[in-house]
Amino acid sequence: ELPPSEFMQVADSTWLVLSVVSNGREPPGCQATGVTKIARSVIAPLAEHHVSVLMLSTYQTDFILVRERDLPVVIHTLAGEFDIYKEESGECVPVTCDDVSNGFLKPKPAASPTLHPVQSPQTRFCVLTVAPDTLPAIATMLIDVLFYSHSPPWDAATGSQDLNSITFFSFSLIEGYISIVMDAETQKRFPSDLLLTSSTGELWRMVRIGGQPLGFDECGIVAQIAEPLAAADISAYYISTFNFDHALVPEEGIAEVIQLLQQRQESSR
């Protein structure tokens, strides 16, 4: 419904959403959350089969977006580990490999994923949710933050954005559930009694992936971050955007995360 505009870019591909739901078979004592919970079972296999993904972690759950044309490969790749359902007229209907076998082409062996540069700004972030019925009480503040308050920090001397303080604000509304990621300073502008967070009230640090816009054709970008974090049992929220990818990790673990990713980059050279 958005009118065509020279200021709006639209990716060529149409994307479908995969929602990964646990069936209770997760090993006891596993504390990793976000993208690391599905790194080995979903993200890595898709990368190995040349499937490009967009990742969206929210306060409630995680979503993986895949291109519609890749759906046959996705189903064949994941059918061995997961029960797969599609939504038809509001009902969940089981999907089998036979449903898409005629369109399935065996993928070529995947090359090693490109290791993109990562930056970690000093900004501290919060992952929050809001009860839908209280949203009107903060609507004016949300509009101000989304459209008026977040000019990127700019270094006049070098003519570039200051990567030590990347501006980032994410608002998602999915099936009635609201998820917000904002920096700790912006959080202070909102009524504290309306923003809901985990009982620990933890703060998060960000790892931004990509020195330039990543595009949508390359696979393995999410796996580059998710696999080493999963191996170290480090929780992470992951948000893909039009230009860059962003991983949020607990503040106390940022040094370990940066070390892990640097070691991975050095070992690939």
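What you see as residue numbers is a count from 1 along each chain, following the sequence as written. Side-chain atom pairs in this predicted model are given and counted only at pLDDT of 80 or more, local residue features only at pLDDT of at least 70, and totals for whole chains, interfaces and linings cover all residues. No hydrogens and no water enter the side-chain calculation; it runs on all heavy atoms of the structure.

Draft legend 1. Spatial organisation of the overall build of the chain. A helix here means a DSSP run of H or I that spans at least four residues, while a strand means a run of E at least two residues long, and both kinds are numbered starting from the N terminus. Secondary structure assignment for the chain yields 6 helices and 14 strands. Exposure categories follow from relative accessible area, calculated using a 1.4 Å probe and restricted to protein chains: below 20% of the type maximum is buried, above 50% is exposed, and the middle band is partly exposed. For the chain, the residues scored as buried account for 40% of the 269 residues in total. Looking at the chain alone, contacts between residues at least 24 apart form 74% of all its contacts between residues at least 6 apart. When the accessible surface of the chain is summed, it comes to about 15700 Å², and 52% of that surface belongs to carbon and sulfur atoms. Whether two residues are in contact is decided by their heavy atoms, any of which lying within 4.5 Å being enough. Note on areas: Shrake-Rupley, 1.4 Å probe, and residue coverage restricted to the protein chains presented here.

Draft legend 2. Main features of the pairing of strand β4 (residues 84-88). Think of it this way: DSSP has to see at least two bridges between two strands before they count as a pair. In this structure, β4 lies alongside strand β5 (residues 91-95), joined through 5 bridges in antiparallel fashion. Among the inter-strand pairings, Glu88 is bridged to a residue of β5, identified as Glu91. Joining the antiparallel neighbours β4 and β5 is a turn of 2 residues, in which Ser89 adopts a positive phi near 55°.

Draft legend 3. Structural view of the packing of helix α1 (residues 39-48) against helix α2 (residues 71-78). Angles here are taken between N-to-C directions and fall from 0 to 180 degrees, while the axes themselves are lines fitted to C-alpha atoms, restricted in helices to the stretch in contact. Put simply, α1 and α2 touch, their axes get as near as 10 Å, and they point 130° apart. Classified by the angle their axes make, α1 and α2 are oblique. When the axes of α1 and α2 are compared, the crossing they make is right-handed. Facing α1, whose interface residues are Ser41, Val42, Pro45 and Leu46, α2 presents Val74, Thr77 and Leu78. Classes in brief: Ala, Val, Leu, Ile, Met, Phe, Trp, Tyr, Cys and Pro nonpolar; Asp, Glu, Lys and Arg charged; the others, Gly included, polar. Partitioned by chemical class, the residues of the contact of α1 with α2 number 5 nonpolar, 2 polar and no charged. Angle categories are assigned with fixed cut-offs, so that under 35 degrees is roughly parallel, over 145 is roughly antiparallel, 65 to 115 is roughly perpendicular, and the rest are oblique. Handedness of a crossing is defined here by the sense of rotation of the near helix relative to the far one, left-handed for an anticlockwise turn of less than a right angle and right-handed for a clockwise turn.

Draft legend 4. Inspection of the nonpolar core at higher detail. Counting residues in hydrophobic clusters, the biggest one holds 35 residues, and the most contacted among them are Ile43, Ile64 and Tyr238. If you list the elements that add at least two residues to this core, you get α1, β2 (53-57), β3 (62-67), α2, β12 (204-209), α5 (221-231), β14 (245-250) and α6 (254-267). Take this core: its biggest share by element is 7 residues, from α5. Non-local contacts of Ile43, meaning those with residues more than four positions away in its chain, are made with Val35, Ile38, Met55, Ile64, Val222, Ala223 and Ala226. In these notes, a set of buried Ala, Val, Leu, Ile, Met, Phe, Trp, Tyr and Cys residues joined through side-chain atoms within 4.5 Å is what counts as a nonpolar core. In terms of nonpolar packing, the next biggest core, distinct from the first, is built from 15 residues, Ile138, Phe190, Leu195 and Leu203 among them.

Draft legend 5. The pairing of strand β7 (residues 124-128), seen in detail. Within β7, 4 of the 5 residues are buried, leaving the element largely enclosed by the surrounding structure. Two strands pair when backbone bridges link them, and β7 and β12 are joined in this way by 2 bridges, in the antiparallel orientation. Note that in β12 the partner of Arg124 across the bridge is Arg205. Sheet topology places β7 next to strand β11 (residues 177-183); 4 bridges connect them, and they run antiparallel. For Cys126, the partnering residue across the bridge sits in β11 and is Met182.

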